[in-house]
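Here is how the chains run, residue by residue.
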Amino acid sequence: MRRVSTITVAGISTAALAFTLSACGSSSTESSGGSGKGVGLAFDVGGRDDHSFNESAARGVDKAKKDLGIDNKMMTAKNGETEADREQRLNSLAEAGYNPVIGVGFNYAKSIEKVAKDYPKTTFGIVDSVVPGSNVDSITFGEHEGSYLAGVAAALKSKNHKVGFIGGVNNALIQKFQAGFEQGVKDTDSNVQVTSQYLYPNNDKGFNDPAAAKDKAKGMLDSGIDVIYTAAGLSGNGSIEAVAGQKGAWAIGVDSDQYQQPGLEQYKSSILTSVVKNVDVAVYDLVKSVKDGKPLTGEHKYLLKDDGVSLATSGGFIDDIKDKIEAAKKKIVDGQITVRTSP
């Protein structure tokens, strides 16, 4: 399955779901239709309603339920979890008969590798990491390529010639976002200054701390930066809020088309665009493959050329530079531009 346009992603309204504490107290659980077999989805910190990464995965499950009639159970991680916590969550889903069982986020890599061996007849999926195993679908994306296009947009839209990047956690994955963004900015206008900062060096709370992102964004705005791209999951909502309070400033969203997110409705006039990472498509692909009896396994990359990542045009704020963005996209797809994966 693939998006119709590489720079247009339709918004899908967020379904309201109830959150309840699990018996073990280590996660929250959302259920649909009881304990019957279906998709088991293990969210990263921030949960379904992060309006970003986890939300995109949830849309894939929602579509599977609507189109294929497949039930689901969703569970959410909390800050400061251990490997044992993640293993317990995955084990509980697999033991209950859910298939596939999907870990949303690289933090599930080690636990997926371990648990998948114990349930060889269950298909497991891992988003943002590559895990060995004959029953594991490793789903990765071209975040750096989508971020390059965001850099092009930022450079062209910044009036102060100063733009910023905020990452949730300083790790290899988020550095891909940073690297692509910085390269896109500099290739477009070498005179534009790029400032990149992180909320935490190695604490996953960086994806679940909107207050920290808001403070970081305020500091950037005070220094004259007028376009801020944030790759930090739920934390990014705080950055967007700060940008919305600054006249003439723009926020660039991530993972989902954040202009279309109901929870960010009051800030959407300040959301220039979003780097959309089609986790929903990948999740749906995996679920359908299991239903069809031909489960996907191995590594599957969702790149710019596959419409695996894209740049949203909601709001029409980048319509005037659409041709330049398309030109940059074509160069990446054709191999004229190789986007770096590290700063």
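Residues numbered from 1 in each chain as written. Predicted model: local features only at pLDDT ≥ 70, side-chain atom pairs only at ≥ 80, totals over all residues. Heavy atoms only, no water.

Draft legend 1. Structural context of the overall build of the chain. Regarding its fold elements, the chain presents nine helices and 14 strands. Long-range pairs, those at least 24 residues apart, make up 70% of the contacts in the chain between residues at least 6 apart in sequence. (Helix = DSSP H or I, 4+ residues; strand = E, 2+ residues; numbered from the N terminus. Contact = heavy atoms within 4.5 Å.)

Draft legend 2. Here's a closer look at the packing of aromatic side chains. Taken as a whole and judged by the stated rule, the model has eight aromatic pairs. Between Phe165 and Phe181, the ring centres sit 6.4 Å apart and the planes meet at 35 degrees, which makes this aromatic pair tilted. Linking Phe165 in strand 8 (residues 162–169) with Phe181 in helix 5 (residues 172–188), this pair joins segments that are 16 residues apart in sequence. Of the residues examined, Phe181 reaches a relative accessible area of 0% and is grouped as buried. (Phe/Tyr/Trp six-rings, centres within 6.5 Å; stacked < 30°, edge-to-face > 60°. Buried < 20%, exposed > 50% of the residue type's maximum accessible area, 1.4 Å probe, protein only.)

Draft legend 3. Just the pattern of salt bridges, in detail. Throughout the structure, instances matching the rule amount to 17 salt bridges. We note a salt bridge from Asp280 to Arg59, for which the minimum N-O separation is 3.9 Å. In this pair, Asp280 sits in helix 8 (residues 279–291) while Arg59 sits in helix 1 (residues 53–68), placing the two residues 221 residues apart along the sequence. The exposure classification of Asp280 matches that of Arg59, with both residues buried. Note that Lys330 and Asp334 form a salt bridge whose closest N and O atoms lie 2.7 Å from each other. (Salt bridge = Lys/Arg side-chain N within 4 Å of Asp/Glu carboxyl O.)

Draft legend 4. Local environment of the environment of Ala153. Tracing the backbone shows Ala153 in helix 4 (residues 143–157). C-alpha of Ala153 to C-alpha of Leu311: the two residues are 158 residues apart in sequence and 9.6 Å apart in space. Each residue touching Ala153, except ones within four places of it in the same chain, is listed here: Leu272, Ile318, Ile321 and Ile325.

Draft legend 5. Inspection of the nonpolar core at higher detail. In this structure, Phe124 and Phe181 are the most contacted members of the largest nonpolar core, which totals 80 residues. Counting residues per element, this core draws most heavily on helix 8, which supplies eight residues. Filtering out sequence-adjacent residues up to four positions away, Phe124 remains in contact with Ala94, Val101, Ile112, Val115, Ala116, Tyr119, Asn135, Val136 and Asp137. Ranked by size, the runner-up nonpolar core spans 19 residues in total, among them Tyr200, Ala213, Ile225 and Ile228. (Core = buried A, V, L, I, M, F, W, Y, C linked by side-chain atoms within 4.5 Å.)

Draft legend 6. Inspection of the pairing of strand 3 (residues 38–43) at higher detail. Counting buried residues along strand 3, six of its six residues qualify, which places the element largely inside the surrounding structure. Pairing of strand 3 with strand 4 (residues 71–76) involves six bridges; the strand directions are parallel. Within the sheet, the bridge partner assigned to Gly38 lies in strand 4 and is Asp71. Following the chain from strand 3 across helix 1 to the adjacent parallel strand 4, one finds a crossover that is right-handed. Pairing analysis gives three bridges linking strand 3 to strand 5 (residues 101–104), with the strands arranged parallel. Across the sheet, the residue bridging to Ala42 is Gly103, located in strand 5. (Pairing = 2+ DSSP bridges. Right-handed = clockwise from strand over helix to strand, strands pointing away.)

Draft legend 7. Main features of the pairing of strand 11 (residues 250–255). Extensive coverage of strand 11 is indicated by the burial of six of its six residues. Across three bridges, the pairing between strand 10 (residues 227–231) and strand 11 is parallel. The residue of strand 11 that forms the bridge with Val227 is Trp250. Crossover handedness for the path strand 10 to helix 7 (residues 236–244) to strand 11: right-handed. Here five bridges tie strand 11 to strand 12 (residues 271–277), and the two strands are oriented parallel to one another. Residue pairing across strands places Asp255 opposite Val276, the latter belonging to strand 12.

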